[in-house]
Amino acid sequence: MQQVHPSPTPVILIIGAADTGRAPIAVALLRRLAQERGHTWQIASAGVVGHDDDPLQPAARDALAVMGLSIDDHVARSLTDDLAHTAHLLIAVDSGIARVLRSRYPQATIYSLGELAGRSRDIPDPAGMQIGAWLHYSREMEQLLKAGFERMTTILSGNNVVEESPSLASPPPPPPPPPSERQEVCARATRLLDAIQAMPDVIDWPAARGRLQATLAELIPLATEPTDLTMLYVEALNRWLDRQTSTPLADRITRLRTAIERGQHPVGQSEVADLMRWPD
C-alpha cells in the first residue's frame, strides 16, 4: 500500500513494543526538542504488540517527572495500517522493531533511533527495572534524538537523505570492549546515585544506603592483585555512608560518585587514606 499523508503538518510515529515505556518517553522528549526548535510536528506513539489502553509504566512516568516532563494522559495503542500509512516518518525504538516495520510497510520511511543518530546503538527495554535504569536509558534516548534531529528535519522537509554506499563507507569502528565486572558493579552503584540525587525527597535513604553499600561490597572479591586495597577502600566508603543519617547533599553525592568510579580499577594506599580523611 502506498503512503498517504492527508495532514500538511509532518506526522511522526515512534514505535515501541507495548507502547507503555520507551516509545511514549521518546514522544515526550521529542516534543520538547521540536518545541524548543520551533517545529510544530505531530508526534505520537504506538506499539507492535497489542497492549491497547494500558497506561504508562509507573517507573517510566516517574522518570519523565524527574526530567520535567509528563505524558499522564497516555494510553497504549497498537500500530494499525491506517496509522502507519498516514505518518511521514516511523521511528522504531530499536533495530529489531525497525525490521518488523520494514517487513510490514516496505514503502514507509522508517529509521531506528540509532540509525537517525548515525550510531549502532539500541536502547534496552528497562521494563521491570528501577527508576535509575529508566532515567539512564531516557537520557540516552534524548541524546540519540538530539543527534538525529537534523536528519529528521531533512526527511520531513521532503529532501532525500543520502545514505553512504556500503562499498564506499568507512568501516565501522571496532566495538568497545565489554565492561569488566568491576565496571558493571560501579555502574549499578552510580545509577542508584542518579535516582537518589534526582528524587531526594522520595527516596528512602536508609534503604537506598543499604542497597548502595551491598552493591559496593561486590567489589571486594574482584580484587585479584596483592597491592589492590579494594577491600579497605570499600570499607572506608561504607563507614562514611554509615555516618550519613540523611540523604547527602549534591556536593557529597558528586564526591561519592567520583570515589565509586575510581573503584573500577585497583586502588592503593593513597586512595584509601583520602577516603578516611573525608569529613562527616
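Provided above is the structure to which this section pertains.
Everything quoted here is computed from the prediction, not taken from an experiment.

### Focus: the pairing of strand E3 (residues 89-92)
Here's step 1: Of the two faces of E3, the one lined by Leu 89 and Ile 91 and the one lined by Leu 90 and Ala 92 are each fully buried.
Here's step 2: When strand E1 (residues 11-16) meets E3, the two strands line up parallel, connected through four bridges. Each bridged residue has a counterpart across the sheet, and for Leu 13 the counterpart in E3 is Leu 90.
Here's step 3: Here E3 runs beside strand E4 (residues 110-112); their pairing, made up of three bridges, is parallel. Paired with Leu 90 across the two strands is Ile 110, which belongs to E4.

### Considering the environment of Ile 253
Here's step 1: Among the structural elements, Ile 253 can be located in helix H10 (residues 250-262).
Here's step 2: On the basis of relative accessible area, Ile 253 is assigned to the buried category, the value being 2%.
Here's step 3: Along the sequence, Ile 253 and Gln 197 sit 56 residues apart, while their C-alpha atoms lie 7.2 Å from each other.

### Some details on the nonpolar core
Here's step 1: In terms of nonpolar packing, the biggest core is built from 59 residues, with Ile 12, Ile 14, Leu 30 and Met 152 touching the most fellow members.
Here's step 2: Sorting elements by how many residues they give to this core places helix H6 (residues 131-156) first, with 12 residues.
Here's step 3: If we skip the residues at most four places from it in the chain, Leu 30 touches Ile 12, Ile 14, Trp 41, Ile 43, Ile 91, Leu 145, Phe 149 and Met 152.
Here's step 4: By size, the runner-up hydrophobic cluster in this structure holds 25 residues, among which are Val 185, Leu 193, Ala 236 and Trp 240.

### Focus on helix H9 (residues 230-242)
What sets the pattern is the α-helix's 3.6 residues per turn: residues three or four places apart point alike.
Here's step 1: Helix length check: H9, at 13 residues, gives a terminal C-alpha distance of 18 Å against a target of 18 Å (1.5 Å per residue), a fit within 8%.
Here's step 2: When H9 is considered as a whole, its buried residues turn out to be Thr 230, Tyr 233, Val 234, Ala 236, Leu 237, Asn 238, Trp 240 and Leu 241.
Here's step 3: In this structure, the buried residues of H9 make contact with helix H7 (181-198), helix H8 (205-217), H10 and helix H11 (269-276).

### A short note on the packing of aromatic side chains
What characterises a pair of aromatic rings is the spacing of the ring centres plus the angle enclosed by the ring planes.
Here's step 1: For the structure on display, the rule yields two aromatic pairs.
Here's step 2: Relative to Trp 278, the ring of Trp 240 lies with its centre 5.1 Å away and its plane at 85°, an arrangement referred to as edge-to-face. Pair noted here: Trp 240 is in helix H9 and Trp 278 is in the segment after H11, with a separation of 38 residues, a long-range link. Across the pair, Trp 278 and Trp 240 agree in class, each one buried.
Here's step 3: Between the NZ or CZ atom of Arg 37 and the centre of the ring of Phe 149, over which it lies, the distance is 4.5 Å.
Here's step 4: Positioned above the aromatic ring of Trp 278 is the side chain of Arg 255, whose terminal nitrogen or guanidinium carbon lies 4.6 Å from the ring centre.

Procedures and definitions
- Residues numbered from 1 in each chain as written.
- Predicted model: local features only at pLDDT ≥ 70, side-chain atom pairs only at ≥ 80, totals over all residues.
- Heavy atoms only, no water.
- Buried < 20%, exposed > 50% of the residue type's maximum accessible area, 1.4 Å probe, protein only.
- Helix = DSSP H or I, 4+ residues; strand = E, 2+ residues; numbered from the N terminus.
- Pairing = 2+ DSSP bridges.
- Core = buried A, V, L, I, M, F, W, Y, C linked by side-chain atoms within 4.5 Å.
- Contact = heavy atoms within 4.5 Å.
- Expected span 1.5 Å × (residues − 1).
- Phe/Tyr/Trp six-rings, centres within 6.5 Å; stacked < 30°, edge-to-face > 60°.
- Lys NZ or Arg CZ within 6 Å of the ring centre and 35° of its normal.

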